[in-house]
Amino acid sequence: MFGKKERVIAVMGPTGAGKSSFLQNLDPPQLCTEFKVGHGVESETSQVRPVNWVAKNGTKVELVDTPGFDDSRAGITDAEVLRMIADFLTNEWFKWKSSRLTGLVYVHRISDTRVGGSSQRNLRMFRKLCGNDSMKNVVIVTTMWDKVTPEEGEQREQELRSSDNVFKPLLDNGAVMMRHDRTPKSAADIINYLLGKSATTTQIALEMAKEGKALENTAAGMEFSREIEEIVKKHKQEMESLKAEMHRKMQREFAGEKQKMNREMAKLLMELDELKRGVPNDPPPVYKSTDNFPTPETKCIEHYSKLLGLIIKHKSTLASKHPGIASSVASYAIDFADAMDNSVEGAQHGSSTLESALASEDICLFQQFMRSDPHPKTFTQGTWTKAWHDTKTVASDIETILSKYDLKPGVVARVFKGDKAKRCNALNEILVSMKDVVTDMRTMVDWWIPVIGAIRYVGGTTSHQSGRVGFADSAITGVIHALNAYYEAYARCSQELRSAADGIL
C-alpha cells in the first residue's frame, strides 16, 4: 500500500477509447497483467481499479482505471459508474484529509469522425466531476493514431481543439492535449508531465467531502439527473405519439414496440432511482449470504384493484372536467399488467436456468441468465420502478387539480355543492387509494434491492470464469428462492388488473 505522500492519477473516458491500453503501455511491463484490454466496443473495465506503480525516478504512483459512462454490458448502469467514481474521488479525500490527485487523463479516439452522443455525455460528466479549477491537472490523450492518416489526424485534432462543444473549454481552463501512439515512451511522457503538477481536489470531492452534499445534489449528479429526465420526457412524448397512432391502427401491430419502450423507460427510471438512493460516503451494503429473502407483499394488487374500482365508480362524475384521469390510470394499469406478465415469466425462466446451473455447476448457464432479454435487473426492480413512477405521476396530477379547488388533499369537499362537491370527493377518494398503491409499489422496489445485490454478487464471482468452478451456492439458492416466491405471489395477478382496466377504457 502507498501512503499519503504518493501521487494518484485517474484515467477516464468513453468505453473503447483506449484507457486500459494506455495504462498497459506503461513501463514496467508487469502492468499488462493488471489491466485487461477489450477488443471492439465491449467494455473490460467494470469498476474503479487502482494499481500501484513506481516511476523510473522512484516516484510512487497509484494509477486508476475507470469504467465509461456508456458501459456496453447489461446490468452496468451509468448511475453505478457515477457512484463508483464519486466514491473513489471522495474517499481519497476522506482517507488522507487532503488530495493526492496529481493528474486526470481523459482518453479520446482521434479515429472518431465525429464526437457522438455517448462521447459527448462522457465529456460532460468528466467536466462536472473535475470542475474548472482542476483543469490545469488534466491531459486530454488522443489515441488510435495508427487508424488515420497524418493529414486526417492533424485536421481532427485541430477541430477538437477549436470546438466549443468538445475540448476548447477544457483547454481554455488549463488542460493540455497530448498524443499516445501505443508506445511506452508516449505513455510515460504523459504521466511524467502530470507528476510535475501540484495536487488538486476535484469539484465532486469538494462538494461531497467538504460541503456535505448528496451525490444527486452535486454538479455531476444534477447533470446526470437532467440528462435522464430529458430522455424520460422524450420517451413519454414518444409513448403519447405511439398511443395516438395505436388508435388509428391495430393495437397488436405496435405491441412489440410499446414493450421495448416500456423496458427502456423502466431502465432509465431505475437508474434515476439508484442515483437518488445513493449515499456516496457510505459504501453500498456488502451482500450477506442468505437463502431466505422475505416473501413479497401482494397488497399492491388488492389496493390497485380497489383503485380501479373507484375509477369505474367515479368515471362519469369526472368525465366532464377531468376525463384524462380515468384513461391515464387505466392505461398505466394495462402497462403494469403487461410488464408483470413479462416479469413473472422472466422470474420463472430465470429460476429454472439457475437451478440447472447450480445442479450442474455450469458457469455458462449462469452467464446465460445474466445476458437474458429482458435483463434480470429490468424485469425485476425495473418493472416496479416504472409502475411506481407512473402511479406517482398521476397522484401528483390529482394533487395539482385539488390545489386549484383551494382544498388540501384528503379534505372532504363539504364547502361545495352539487357537481363540484362530487368531483372533489371523487378526487380525494381516488387520491387516498392511489397513495396506498404508490406505497405498496415502493415496498416492492425496495424488496428487489437485496435480490439484485445477490445477483450482482454471484455475477462478480463468475463473470470471468468458465467450466465447473467455485460457485457461491448459497447466493444462487437465495436468488432462486426469491424468484420462485415472486412468481408464486404474482403469477395470476395481471389478468385481474387487465380486466378492470379494460372496463374503463
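None of the values given here were measured: they were computed from a predicted structure.

## A word on the pairing of strand 2 (residues 49-54)
Note on strand geometry: in a regular strand, side chains alternate between the two faces of the sheet.
Reasoning step 1: Burial along strand 2 is one-sided: Arg49, Val51 and Trp53 are buried, and none of Pro50, Asn52 and Val54, which face the opposite way, are.
Reasoning step 2: Inspection of the sheet shows strand 2 paired to strand 3 (residues 60-65) by 6 bridges, in the antiparallel sense. Looking at strand 3, one finds that Pro50 is bridged to Val64.
Reasoning step 3: With antiparallel pairing between neighbouring strands as the criterion, strand 2 and strand 3 make up a hairpin whose turn holds 5 residues, including Gly58 at a positive phi of roughly 95°.

## Considering the packing of helix 10 (residues 299-319) against helix 11 (residues 323-360)
Reasoning step 1: Interaxial distance between helix 10 and helix 11 falls to 9 Å at its minimum, and their mutual angle equals 155°. The orientation of helix 10 with respect to helix 11, classified from their angle, is roughly antiparallel. For the element pair helix 10 and helix 11, the recorded crossing hand is left-handed. Contacts between helix 10 and helix 11 involve Ile301, Tyr304, Leu307, Leu308, Ile311, Lys315, Leu318 and Ala319 from the former and Pro323, Ile325, Ala326, Val329, Tyr332, Ala333, Phe336 and Met340 from the latter.
Reasoning step 2: Partitioned by chemical class, the residues of the contact of helix 10 with helix 11 number 15 nonpolar, no polar and 1 charged.

## With respect to the packing of aromatic side chains
Reasoning step 1: What the rule picks out here adds up to 8 aromatic pairs.
Reasoning step 2: Relative to Tyr490, the ring of Trp384 lies with its centre 5.2 Å away and its plane at 65°, an arrangement referred to as edge-to-face. Here Trp384, found in helix 13 (residues 376-404), pairs with Tyr490, found in helix 15 (residues 473-490); they are 106 residues apart in sequence, far enough to count as distant.
Reasoning step 3: Owing to a relative accessible area of 1%, Tyr490 belongs among the buried residues under this scheme.
Reasoning step 4: Pairing Trp448 with Tyr486 gives two aromatic rings, centres 4.8 Å apart and planes at 70°, and the pair type is edge-to-face. Of the two residues, Trp448 is situated in helix 14 (residues 418-462) and Tyr486 in helix 15; the sequence distance between them amounts to 38 residues.
Reasoning step 5: Members of the aromatic cluster, each reached through a chain of ring pairs, are Tyr304, Phe336, Trp384, Trp447, Trp448, Tyr486 and Tyr490.

Cut-offs and rules
Residues numbered from 1 in each chain as written. Predicted model: local features only at pLDDT ≥ 70, side-chain atom pairs only at ≥ 80, totals over all residues. Heavy atoms only, no water. Buried < 20%, exposed > 50% of the residue type's maximum accessible area, 1.4 Å probe, protein only. Helix = DSSP H or I, 4+ residues; strand = E, 2+ residues; numbered from the N terminus. Pairing = 2+ DSSP bridges. Axes fitted to C-alpha atoms, helices over the stretch in contact; angles between N-to-C directions. Parallel < 35°, antiparallel > 145°, perpendicular 65-115°, else oblique. Left-handed = near helix turned anticlockwise from the far one by under 90°. Contact = heavy atoms within 4.5 Å. Nonpolar A, V, L, I, M, F, W, Y, C, P; charged D, E, K, R; others polar. Phe/Tyr/Trp six-rings, centres within 6.5 Å; stacked < 30°, edge-to-face > 60°.

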